[in-house]
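Listed below are the residues making up each chain.
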Amino acid sequence: MTSISQELLDQHGLSHDEYQRIVDRLGRAPTITELGMFSVMWSEHCSYKSSRIHLKRFPTEGARVLQGPGENAGAVDIGDGLAAVFKIESHNHPSFIEPFQGAATGVGGILRDIFTMGARPIALLNALRFGELHLPQNRHLLKQVVAGISWYGNCVGVPTVGGEIAVNDLYSRNPLVNVLCLGIVEKDRLLRGRAQGVGNPVLYIGAKTGRDGIHGATMASDSFDESADAKRPNVQVGDPFLEKLLLEVCLELLDHDLLVGIQDMGAAGLTSSSCEMASRAGTGIQLELDHVPCREPNMTAYDILLSESQERMLLVARTGEEHRVMEICHKWGIDAAVIGQVTDDGMLRVRHGGQTVAEIPATLLTDEAPRYERPCAPPGYQEMLQSLAIDNLPGVKDPSETLRSLLQSPTIASKRWVYRQYDHMVGIRTIVRPGSDAAVLRIHGTQKALAITTDGNGRYCLLNPYLGGMLAVAEAARNLVCSGAEPIGMTDCLNFGNPERPDVMWQFVLAIEGMAEACRALGIPVVSGNVSFYNETNGLSIPPTPILGMVGLIEPPRTAITQWFKHEGDLVILLGETEEDLGGTEYLKIVHHREQGQPPWLHLDREKALQACLLALIHDGVIRSAHDCSEGGLAVAIAESCITNPARPLGATIQLSKGRLRLDAVLFGETPSRVVLSVPTHEGNRVLECAAAHRVPAAVIGEVGGDRLTVKILDDTGQECASIDQSIESLLTTWSTALEAQLSDAL
Amino acid sequence: MTVGIIVFPGSNCDRDCEYVFREVLQVSTRLIWHCETSLENVDVVVLPGGFSYGDYLRAGSLAKVSPIMNAIKRFAHAGGLVLGICNGFQILLESGLLPGAMLRNEKLTFICEDIYVRVENASLPFTRQCVPGQVLKLPIAHADGNYYTDPVTLSALKAKAQIVFRYCDAQGRLTAEANPNGSLDHIAGLCNAEGNVLGLMPHPERCAEEALHNTDGLFLLSSMLGTMRNEAMV
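About the cut-offs
Residues numbered from 1 in each chain as written. Chains lettered and ligands numbered in written order. Predicted model: local features only at pLDDT ≥ 70, side-chain atom pairs only at ≥ 80, totals over all residues. Heavy atoms only, no water. Helix = DSSP H or I, 4+ residues; strand = E, 2+ residues; numbered from the N terminus. Rg over C-alpha atoms; globule rule 2.2 N^0.38 Å. Buried < 20%, exposed > 50% of the residue type's maximum accessible area, 1.4 Å probe, protein only. Contact = heavy atoms within 4.5 Å. Areas by Shrake-Rupley, 256 points an atom, 1.4 Å probe, with all protein chains shown as cover. Pairing = 2+ DSSP bridges. Right-handed = clockwise from strand over helix to strand, strands pointing away. Buried area = accessible area lost by both parts, 1.4 Å probe. Salt bridge = Lys/Arg side-chain N within 4 Å of Asp/Glu carboxyl O. Nonpolar A, V, L, I, M, F, W, Y, C, P; charged D, E, K, R; others polar. Axes fitted to C-alpha atoms, helices over the stretch in contact; angles between N-to-C directions. Parallel < 35°, antiparallel > 145°, perpendicular 65-115°, else oblique. Left-handed = near helix turned anticlockwise from the far one by under 90°. 1 Å grid on protein atoms, 1.4 Å probe; cavity = no way out; pocket = protein on both sides within 12 Å on 5 of 7 lines; lining within 4 Å. Points joined across faces, edges and corners; volume = space filled by probe spheres on them. Phe/Tyr/Trp six-rings, centres within 6.5 Å; stacked < 30°, edge-to-face > 60°. Lys NZ or Arg CZ within 6 Å of the ring centre and 35° of its normal. Disulfide = S-S within 2.5 Å.

## Quick look at the overall build of chain A
Logical step 1: Assigned secondary structure in chain A consists of 26 helices and 28 strands.
Logical step 2: For a compact globule of 747 residues, the expected C-alpha radius of gyration is about 27 Å, and chain A comes in at 26 Å, within 12% of that figure.
Logical step 3: With respect to the principal axes defined by its C-alpha atoms, chain A has extents near 90 × 55 × 50 Å.
Logical step 4: Among the 747 residues that make up chain A, the fraction classed as buried is 67%.
Logical step 5: For chain A, the proportion of contacts with a sequence separation of at least 24, taken over those separated by at least 6, is 84%.
Logical step 6: For chain A, the accessible surface area stands at approximately 24500 Å², while carbon and sulfur atoms represent 48% of it.

## Remarks on the pairing of strand β5 (residues 160-167) of chain A
Residues and elements named next belong to chain A.
Logical step 1: Among the 8 residues in β5, 6 count as buried, and that is most of the element.
Logical step 2: Across 7 bridges, the pairing between strand β4 (residues 120-130) and β5 is parallel. Counted as the bridge partner of L128 is I165 from β5.
Logical step 3: Handedness of the β-α-β unit built from β4, helix α8 (residues 136-156) and β5 comes out right-handed.

## Some details on the pairing of strand β9 (residues 284-288) of chain A
All names here are of chain A.
Logical step 1: Sheet analysis places β9 next to strand β11 (residues 336-343), joined by 4 bridges and oriented antiparallel. When the bridges of β11 are listed, L287 appears paired with G340.
Logical step 2: Here β9 runs beside strand β12 (residues 347-352); their pairing, made up of 4 bridges, is parallel. Along β12, the bridge assignment pairs I285 with L348.

## Here we look at the environment of G62(A)
Logical step 1: Within the secondary structure, G62(A) sits in the loop between α5 (52-55) and β1 (65-67).
Logical step 2: With 462 residues separating them along the chain, G62(A) and I524(A) place their C-alpha atoms 7.9 Å apart.

## Section: the interface of chain B and chain A
Logical step 1: Taken residue by residue, the interface counts 28 residues in chain B and 30 residues in chain A.
Logical step 2: At the boundary of chain B with chain A, total buried surface from both sides reaches about 2400 Å², with 58% on carbon and sulfur atoms.
Logical step 3: Sorting the residues of chain B by area buried against chain A places W33(B), F110(B) and C112(B) first, and these three jointly supply 22% of that buried surface.
Logical step 4: Inspection of the chain B/chain A interface yields 6 salt bridges.
Logical step 5: Across the pair D114(B) and R433(A) runs a salt bridge, and its minimum N-O distance is 2.8 Å.
Logical step 6: Among the elements of the structure, α1 (14-24), β6 (111-119) and β7 (135-142) of chain B are those that each provide at least two residues to the side of chain B that touches chain A.
Logical step 7: For the side of chain B that touches chain A, the class distribution of residues is 15 nonpolar, 6 polar and 7 charged.

## As for the packing of helix α7 (residues 99-115) of chain A against helix α10 (residues 240-255) of chain A
Residue and element names in this part refer to chain A.
Logical step 1: At a minimum axis separation of 10 Å, α7 and α10 run at an interaxial angle of 5°. The orientation of α7 relative to α10 falls into the category roughly parallel. Together, G108, L111, R112 and F115 of α7 and E243, L246, L247, C250, L251 and L254 of α10 make up the contact between the two elements.
Logical step 2: Here the contact of α7 with α10 is composed, by residue class, of 7 nonpolar, 1 polar and 2 charged.

## Re the environment of E61(A)
Logical step 1: Looking at the secondary structure, you find E61(A) in the loop between α5 and β1.
Logical step 2: C-alpha separation for the pair E61(A) and V526(A), spaced 465 residues apart in sequence, amounts to 7.7 Å.

## A closer look at the sheet that holds strand β10 (residues 312-317) of chain A
Residue and element names in this part refer to chain A.
Logical step 1: Strand order across the open sheet formed by 7 strands is β8-β10-β7-β11-β9-β12-β13, with mixed pairing between neighbours. Two strands lie at the open edges of the sheet, namely β8 (259-264) and β13 (355-361), each paired on one side alone. In this sheet, adjacent strand axes meet at a mean angle of 20° when their direction is disregarded.
Logical step 2: Against the sheet, helix α3 (residues 32-41) contacts β12 and β13, and its axis sits at roughly 35° relative to β13.

## Things to note about the packing of α8(A) against α10(A)
Residues and elements named next belong to chain A.
Logical step 1: Look at α8 against α10: their axes get within 8 Å of each other, and the N-to-C directions meet at 35°. Crossing of α8 over α10 shows right-handed handedness. Residue-level contacts link W151, Y152, C155 and V156 of α8 to P240, F241, E243, K244 and L247 of α10.
Logical step 2: Of the residues belonging to the contact of α8 with α10, the class tally is 7 nonpolar, no polar and 2 charged.

## Describing the pattern of salt bridges
Logical step 1: With the rule as written, the count across this model stands at 56 salt bridges over all chains.
Logical step 2: Residue E595(A) pairs with R459(A) through a salt bridge whose shortest N-O separation is 3.8 Å. With E595(A) in the loop between α21 (586-592) and α22 (604-619) and R459(A) in helix α18 (residues 458-463), this pair connects stretches of sequence that are 136 residues apart.
Logical step 3: For E595(A), a relative accessible area of 26% gives the class partly exposed.
Logical step 4: Where R58(B) meets E94(B), a salt bridge forms, and the shortest distance between an N and an O atom there is 2.9 Å. Linking R58(B) in the loop between β3 (44-47) and α2 (68-77) with E94(B) in helix α3 (residues 87-94), this pair joins segments that are 36 residues apart in sequence.

## Some words on α3(A)
Logical step 1: Within α3(A), 9 of the 10 residues are buried, leaving the element largely enclosed by the surrounding structure.
Logical step 2: Those residues of α3(A) that fall on the buried side of the exposure criterion are T33(A), E34(A), L35(A), G36(A), M37(A), F38(A), S39(A), V40(A) and M41(A).

## A look at the sheet that holds strand β14 (residues 430-432) of chain A
Consider a sheet: its strands pair through backbone hydrogen bonds, and that pairing is either parallel or antiparallel.
Residues and elements named next belong to chain A.
Logical step 1: Taken in spatial order, the 6 strands of this open sheet run β14-β15-β16-β21-β17-β18, and their pairing is mixed. Only two strands of the sheet have a single neighbouring strand rather than two, namely β14 and β18 (526-532). When the angles between neighbouring strand axes are averaged without regard to direction, this sheet yields 25°.
Logical step 2: Pairing analysis gives 2 bridges linking β14 to strand β15 (residues 439-443), with the strands arranged antiparallel.

## Observations regarding empty space enclosed by the protein
All names here are of chain A.
Logical step 1: What the rule picks out here adds up to 6 cavities of 30 Å³ or more.
Logical step 2: Each pocket or cavity is described by its volume, and for the largest cavity that value is around 780 Å³.
Logical step 3: G163, E164, T411, K415 and S436 are the residues nearest the centre of the largest cavity, which is lined by 43 residues in total.
Logical step 4: Among the elements that line the lining of the largest cavity, the one with the most residues is β5, at 7 residues.
Logical step 5: Partitioned by chemical class, the residues of the lining of the largest cavity number 17 nonpolar, 17 polar and 9 charged.

## Considering the packing of aromatic side chains
Logical step 1: Per the stated rule, a full pass over the model turns up 9 aromatic pairs over all chains.
Logical step 2: Taking 5.2 Å as the distance between ring centres and 40° as the angle between the ring planes, the aromatic pair formed by F100(A) and W151(A) counts as tilted. Within this pair, whereas F100(A) is found in helix α7, its partner W151(A) is found in helix α8, the two being separated by 51 residues in sequence.
Logical step 3: On the basis of an interplanar angle of 85° and a centroid distance of 6.0 Å, the ring pair of F241(A) and Y56(B) is categorised as edge-to-face. Here Y56(B) lies in the loop between β3 and α2 and F241(A) lies in helix α10, a pairing that spans two chains.
Logical step 4: Residue classification places Y56(B) among the partly exposed residues on the basis of a relative accessible area of 35%.
Logical step 5: One aromatic cluster is present, formed by F100(A), W151(A) and Y152(A) through successive ring pairs.
Logical step 6: When the ring centre of W42(A) is taken as reference, the NZ or CZ atom of R21(A) above it lies at 5.8 Å.
Logical step 7: Sitting over the ring of W33(B), K331(A) keeps its end group 4.9 Å from the ring centre.

## Points about the state of the cysteines
Logical step 1: If you walk through the whole model with that rule in mind, you get 0 disulfides over all chains.
Logical step 2: Not engaged in a disulfide, the cysteine C690(A) finds its nearest cysteine sulfur in C613(A); these two sulfurs lie 4.0 Å apart.
Logical step 3: Among the residues examined, C690(A) registers a relative accessible area of 15% and is labelled buried.
Logical step 4: Its sulfur unpaired, C207(B) is 11 Å from the next cysteine sulfur, which belongs to C17(B).

## With respect to unusual backbone geometry
Logical step 1: Backbone torsion omega between E555(A) and P556(A) reads -15°, so that peptide bond is classified as cis.
Logical step 2: Checked against the element boundaries, P556(A) lands in the loop between β21 (545-554) and β22 (571-575).
Logical step 3: One non-glycine residue with positive phi stands out, namely D55(B), at about 60°.
Logical step 4: With respect to the helices, strands and loops of the structure, D55(B) is situated in the loop between β3 and α2.
Logical step 5: Classification of D55(B) by relative accessible area gives buried; the value is 18%.
Logical step 6: One non-glycine residue, L57(B), lies in the positive phi region at around 75°.
Logical step 7: By secondary structure assignment, the location of L57(B) is in the loop between β3 and α2.

No statement about biological role is implied by the geometric values presented.
Written as C-alpha cells, this is what we have:
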C-alpha cells in the first residue's frame, strides 16, 4: 500500500488532523482511492464544513415547505397539487478558469438538481459579477460567460428569464457565476436522492465517464494564485444535447414509476452521489466499477470515482424494473448500466477488477465530515470603510448629467444585450420577460403564475454584512411584490472569500444573521442553497456576496404587474419615505468614486407594511405599474419607469420636496422600502387611503405623460432649487446602449 | 383533424406547439417520435423548433436522416401541409423539401426578441387569413437564421412568389436594421413551389394567446387549420 505522505495530503487538501480522523474512524490507513474520496467529500464544497453550523440559523420551515435544505433542491407547495422546486448554485471557480464551459456546465448542474427532484425545469436565472469593464479580460469573461449560458440553456430548451449583473474591481480575479433553476412537479411525485430498498439495483445513466473534472470540488475549495490557468483541465466540458435527453429520460422514468431515488453526479461525481444517497436513506451501496461506461480503457478506480464528467445520473430503481429503465434510456440513445445495489450495512463498498478498492461507512463521507466553528473577527479596515463624512462631499451640480451617468452604470443599464442571447420565451410560460423587477411565468393548467428574481448587493455587504444580508432579502421580496406576487420561498448562494480568515468568517456569520432575521420578519422560508468559499486570488477576497433567489405566487396571472408607466395622465405615487441614505450607493461609486459609509438602514416593520400595502393595492386592481427603488435611488427608479416600457416609453412630470435633505440624497439616495407606482387619476385617493391604513407614507409626486422626464425639486421654502429635464428618447438611448458600448473591444 | 408534431431528440418547442394546437386552437394533436415511419391519420405535419441532435454538424443536418423524414417527404409530395418552425425550417432546408441553406446569424450571436415580418404571399394555405403586405409581430430565437441561396434559385423563389415572409420594421419597410440576422433579401419564411410546405424562422406558437400579449401567430396557425377544415368539408 502506498504510504500517505504530507505532500499527498496537501495535494488532496486534507489537514493532518483530518487525516488522523480518517485513520481513527476506519481503524486503518485509507487506500489512495479512499483518500481521493475523502478529499472531495470533505472538501469545503461538498461538506460545508465551515458553514454548516451557521446555516442552521435560517428559518427553513413554513406551511408551504415540502422540502427544505439537504436535498438536491428545495420545494414549496403552490396549490393545485403542484410544487415549485428551485435552487441556486455557484460555478465561480470553473468560470474564471474557462468562462464558456464553466458557465455552461453551471447551468447543466443546476438543471439536473431540479429534474432529479422529478420536476420539469421551467426557468433559469443567473446572477453575475465581474471586474470593471474597462479591462479587456473582464469584458472577455463577461462575454464568454453569457455565451456559455446561452449555448447550454437555449439548447436544453429551458428559458433564461432573468438575473442581474454588477461590476466591481474586487471581482476581477474572481468573477461570480450563480445560476438558479425553477421547476414544477406534481407534489406527490417529488422524488428524493435516497438509496432506499435493500437489494434494489443502482444504475448509471448518461454520458460516459472520462478523466475530466477530477478534483473539481477540491479546486472549488481552494484559493487561486497565478497558476490558475494551469487548472483548466479541472473544468468539465458540457453537452447540452445530452442533458436534454437525460432530462426527458428521467421524467419519463418517473412517469412510469420505475425509480425510488435519483441523484445527479455533480461535484465529486460517482463518489458523492452514491454515498449521499446511501446516507440519506440509512443504507449502504455496493458499486462494481467494471460496469461503469468509460470513455477510455484502463481508467483507475480513483479516476472513475472522482471524475466530474457532466450529464450523468445515478438511479436506484425498483427491483425487477432494470429492463424497463434500460429500454427508456435506449429509446433516447442514452447509455445505461446496472453498476451496483443497495445494501443494508451502511457501507459504500467499491469493487474494481475483482478487488475491493474502497470500503467506507457512507455517513463518514457525509454527515460525519468535519465541521468547524472557525474564528471570526471584523477586519481592521471595517471602521474606515464605514466612515463617510457626507458633509465633505460636494453636492450634485447637474442632476440631469448625474442621472445619465447612473443610467450607464453596468448595474443599472439595460441588460438587453445579454438576455437577447438567451431564449427567454421557450416553454410559452413567460408572461413578464426580462427587464422588469421580476420575471413572471404562468403555470399551465392552473390560474397561477410564479414570479422569480435574484438579488444581492456585495457593496452593501462589504460595508455592513448584517445590513447587506437583510437588504438583499428585503429587496428580493419587494421585487416580487412589485410584480404582484406573494413571496413563498428563498434559495441562497453565499459567495465569500477564504473561511480560514477570521474577517471572512465574520462577514459570513453576520450576513447570515441579517438574512435570517429578514426572512423571519417577512415570513419567507429558505428551502435550498449553496455556499461558495475561497473566492480569493493572491490573498484578495471578493466582497461578501450573498445572492438570493426568491419565488413568489401570483393568483390569477392577470394580476401580474410590470414596472413601466403605461398611460398618459396616470398619477405617479411614491410609497415610502426618503431619508439621507448615501452610504454604499451606486451614486457614491459612480460620481464620487467611493465605496464607503453605512448602507441604508432597513426598518423591517416598514418593509413589511409596505409590502402588505402594495399587495393589497395590486389585488384590488388599482395599480398600473410598480417599481422598486434600488441602485440609483428615486431618480433612476422614475427614469426606468419611463423608459423600460418595451412598446412605448412615456415621459413624466415630477415634483419632489427636498425638505432638510441633501439634493443628492433625494434623487439618488437608496433608502429601501420605497416603490414608485402609477395609478389612474381616479384611484389616487384610494391608494393614499390604503397606504394610510397600512401606516405607509405615500405622496402623489407627479403625472405620467409627454416625451420628456422633468423632475423639479423644491427647497423647504417651496422654491425650485434644482431640476432634471431630459427627453425620454435620449435617456432611453443612453440606458439601452451603455452596456454594449462598454463591452466593445474597439474602445 | 389531427396535427402531427414531430419529436426529434433535442426538439424543444414540441410541447409548446402541442399546447397551442390543443388548448388554444382546440384540435387534436399527436406527438410523433422521429423513429416512426408512418404519418397515418395525420392531417397537418409540424416540425417544431429546438436543437435536433444538438445542432451537431449543422442545424437540421442529422434530423434529415431520421426515419420519419421519408414519411414526411411522401406526405409533402402528396400535397399535405407541412410547417417547419425555426429548427423545423432548418430541417426542411437540409432535407431538400425547401431550397437554400442557413448561415450563422450575421452578428454571430443567438437572438431572442420580437421582430416584424411582412406577409409577401397571402394566398397560401398558411396565410389566407392575412392580407398582402400585412405586418406581423413575431418572436425569433435562433443562432442560425441567416438564409442564403444562389442567385438563380432566388430569382425562381421570387418568380413563383415563394418568399412568404420578409423581415421588416413596424411600418413594413425593409430597412437594414429590421433584418435581425442578415438573411438574404430579408427572407424570414418561404414555401415550396406547390405552396404546401412552409418554413419560417419566427415562432407563431409563442404569440397565439392574449396571456402572452400577442396573438399575431394565430393568423398563420388558424389559416393553416382553416384551410384543412375547408378541405375536410368538401
